[in-house]
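Chain and residue survey
Chain by chain, the residues run as shown.
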Amino acid sequence: MEKEFIAKEAVKEMSEIRIDTAFKLAMPFWCSLLLPPLLWITAVWGGWSFLLVVFATWILFSILDAAFGLNPVNEDPETDKSILYWHRLITLLWAPLQFVTLFSLIWYAAQSGLTVLEKVGLFFGVGVVTGTIGINYSHELMHRSPRGERAMGDWLLAMVLYSHFRSEHLLVHHRHVGTRMDAVTARYGEGFHSFFLRVLKESLMSAFLAEKERCARKSLPWYDLSNPFLMYWGLQIIMLLLAMVLGGWGGVGLFIFQAFIAIWHLELVNYVEHYGLTRKYLGEGKYEHVKPHHSWNASHKATNWLLINLQRHSDHHYKPNRPYPLLQTYSASEAPQLPYGYALMTAAAMFPSFWKSRMNPRVRKWREMYYPEIQDWSAYNHGTQPPPTDG
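Note that the structure is predicted; figures quoted are calculated from it, not measured.

Caution applies to low-pLDDT regions: their predicted coordinates should not be interpreted in detail. Confidence along the protein averages 92 in pLDDT terms, with 95% of residues attaining 70 or more. Averaged pLDDT values for the elements of the protein fall to 54 in helix H1 (residues 2-26) and rise to 98 in helix H9 (residues 228-274). Confidence drops under pLDDT 50 across residues 1-17; counting only partners more than four residues distant or on other chains, this segment forms zero contacts.

Dropping the structure here:
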């Protein structure tokens, strides 16, 4: 009996140690909770204080990346998912937190004495947060199995009027990444601004067609209730009506503005993640399978805390259902590496000539490393390869 008691106590102690360790490992990823208070500081102070959010997300974390460096450590991908409770919890708390923050700020802006420019500055900051954190967390949630978590992801996307991103990402992007069928694989030599305009149209159309085809395979019309687009539109209408109730037409305008800024942030990240990287065409409508070297990888520690390991994008496409704490990073011999974290890289992408001068040589080096047998890249550059038939 005494030995059995000692054994049970040992197991309990080990369990407590593992939980304590898991808590400590998860805490850096909770840094996103610092952003809503900054939005309220902006709302109360007005003026140029909206730059606090820009500084925190774009500049501060770039400085922290330089200070903390790279994180080459990979957690065991077979880790028991129950140990990831604290990692998972932040993604679950964010949806209600963002909802309350967004709509309370719409109400506050309508009641306050803020000038038009101060309101625009405030909701620019809101869009930075709903794009940098909200869409990113929705991305994590849409890859999870529990319906409740996916629903939270849908609510986050509805708050930025980009609900179709879920269908586009799961049914099109992951299936066709690195081919002409994927709108958000930025082509070699394509500037961000032309990419952005192209993607706004093509991603919506490809997402709708993917859901329509899924309905057709079940002999259902596109307007069947199983098509999530009906839910997408319903949720977005609810968000717009709520903005109207709380802030009038001005509230609707501010809501739409922050949604645009959030979408702009998302597509900046999409542009950076796959710029110039394509899968090899094998003939007869077939392409090679997705591998880690088909996405740009970044191991910058601080920005990965803020973006819950989104920069470990090579592994995300290689193992799409792997939870963010277990995403693996890769060496330069296994996947192409970004020279800086997403904050600096997305800023560079806003200046096409500068971006191409830095990234095009890296793409050419990647091509020589992985596909020395391909001499003519023109079809890949212009997206004129045959469409994939094997997914």
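A few words on the side chain of Glu 273. Mapping Glu 273 onto the fold places it in helix H9. For Glu 273, which is buried and forms no salt bridge, the nearest opposite charge comes from Arg 312, at a distance of 13 Å. Side chain to side chain, Glu 273 and His 313 meet in a polar contact 3.2 Å long. When residues no more than four places from it in sequence are discounted, the contact partners of Glu 273 are Ser 295, Trp 296, Leu 310, His 313 and Tyr 342.

As a further point, take the packing of aromatic side chains. Throughout the structure, instances matching the rule amount to 33 aromatic pairs. When the ring of Trp 40 is compared with that of Tyr 108, the centres are 5.6 Å apart and the planes differ by 75°; the resulting orientation is edge-to-face. Separated by 68 residues along the polypeptide, Trp 40 in helix H2 (residues 35-45) and Tyr 108 in helix H4 (residues 85-111) bring together distant segments of the chain. Of the residues examined, Trp 40 reaches a relative accessible area of 31% and is grouped as partly exposed. Every member of this aromatic cluster is reached through a ring pair, and the members are Phe 192, Phe 195, Phe 196, Phe 260, Tyr 271, Tyr 275 and Trp 355. Its end group placed over the ring of Tyr 318, Lys 319 keeps NZ or CZ at 5.3 Å from the ring centre. The residue whose ring lies beneath Arg 367 is Tyr 188, and the NZ or CZ to ring-centre distance is 4.6 Å.

On to helix H5 (residues 116-142), then. Taken as a whole, H5 carries its principal kink of about 30° at Thr 130. Counting buried residues along H5, 21 of its 27 residues qualify, which places the element largely inside the surrounding structure.

To continue, consider unusual backbone geometry. Backbone geometry follows two general trends: most residues other than glycine have a negative phi, and most peptide bonds adopt the trans configuration. For Ile 308, which is not glycine, the phi torsion reads 40° and is therefore positive. The phi angle at Asn 309 is positive, at roughly 65°, despite the residue not being glycine. On the secondary structure map, Asn 309 appears in the loop between helix H10 (301-306) and helix H11 (313-318).

In contact at an axis separation of 7 Å, H5 and H9 are set at 45° when each is read in the N-to-C sense. The orientation of H5 relative to H9 falls into the category oblique. H9 is crossed by H5, and the crossing has right-handed handedness. Two secondary-structure elements touch here, H5 through Lys 119, Val 120, Phe 123, Phe 124, Val 126, Gly 127, Val 128, Thr 130, Gly 131, Thr 132 and Ile 135 and H9 through Leu 254, Phe 257, Gln 258, Ile 261, Ala 262, Ile 263, Trp 264, His 265 and Leu 266. Its residues placed into classes, the contact of H5 with H9 shows 13 nonpolar, six polar and one charged.

A full pass over the atoms with the stated rule returns nine salt bridges. Close ionic contact of Arg 144 with Glu 140 constitutes a salt bridge, the shortest N to O distance being 2.7 Å. For Arg 144, a relative accessible area of 12% translates into the label buried. Using a relative accessible area of 10% as the deciding quantity, one classes Glu 140 as buried. For Arg 198, the salt bridge is made with Glu 202, and the minimal N-O distance between the two is 3.0 Å. With a gap of four residues between them, Arg 198 and Glu 202 both fall in helix H8 (residues 192-217), about one helical turn apart.

This part covers the packing of helix H6 (residues 147-158) against H9. In contact at an axis separation of 9 Å, H6 and H9 are set at 40° when each is read in the N-to-C sense. When the axis of H6 is compared with that of H9, the two are oblique. In the packing of H6 onto H9, the handedness of the crossing is right-handed. Contacts between H6 and H9 pair Asp 154, Trp 155 and Ala 158 from the former with Met 231, Tyr 232, Leu 235, Gln 236, Met 239 and Phe 255 from the latter. A per-class count over the contact of H6 with H9 returns seven nonpolar, one polar and one charged.

Calculation notes
Counting starts from 1 at the beginning of each chain's written sequence and moves along it residue by residue. Given that the model is predicted, a residue must reach a pLDDT of at least 70 before its local features are reported, and side-chain atom pairs must reach 80 or more before they are shown or counted; all residues, however, enter totals for whole chains, interfaces and linings. To obtain the side-chain values, all non-hydrogen atoms of the structure were included, while hydrogens and water were left out. The predictor attaches a confidence to each residue, and that confidence, scored 0 to 100, is pLDDT. Numbering of helices and strands runs from the N terminus, with a helix taken as a DSSP run of H or I at least four residues long and a strand as a DSSP run of E at least two residues long. Whether two residues are in contact is decided by their heavy atoms, any of which lying within 4.5 Å being enough. With a 1.4 Å probe rolled over the protein chains alone, any residue whose accessible area is under 20% of its type maximum counts as buried; one over 50% counts as exposed, and the rest are partly exposed. Positive: Lys, Arg. Negative: Asp, Glu. His and the chain ends are not part of the count. Every case where a carboxyl oxygen of Asp or Glu lies within 4 Å of a side-chain nitrogen of Lys or Arg is listed as a salt bridge. Contacts described as polar in this section are N or O atom pairs within 3.5 Å, which, within protein, must combine one atom able to donate a hydrogen with one able to accept it, while residues neighboring in sequence count only if both atoms come from side chains. Centres within 6.5 Å make a pair out of two Phe, Tyr or Trp rings, where for Trp the six-membered ring is used; the pair is then stacked when the planes are under 30 degrees apart, edge-to-face when over 60, and tilted otherwise. Only Lys NZ and Arg CZ are tested; either one counts as a charge over a ring when it is within 6 Å of the ring centre and within 35 degrees of the ring normal. Fitting axes to the seven residues that end at a residue and to the seven that start at it, the angle between those axes gives the bend at that residue. Interaxial angle, 0 to 180 degrees, is taken between N-to-C directions of lines fitted to C-alpha atoms, where a helix line uses only the stretch in contact. Oblique is the label for any angle not under 35 degrees, not over 145, and not in the 65 to 115 range, which are roughly parallel, roughly antiparallel and roughly perpendicular in turn. Here a crossing is called left-handed whenever its near helix is offset anticlockwise from the far helix by less than a right angle, and right-handed whenever the offset is clockwise. Following the grouping adopted for this structure description, the nonpolar residues are Ala, Val, Leu, Ile, Met, Phe, Trp, Tyr, Cys and Pro, the charged ones are Asp, Glu, Lys and Arg, and the polar ones are all others, Gly among them.

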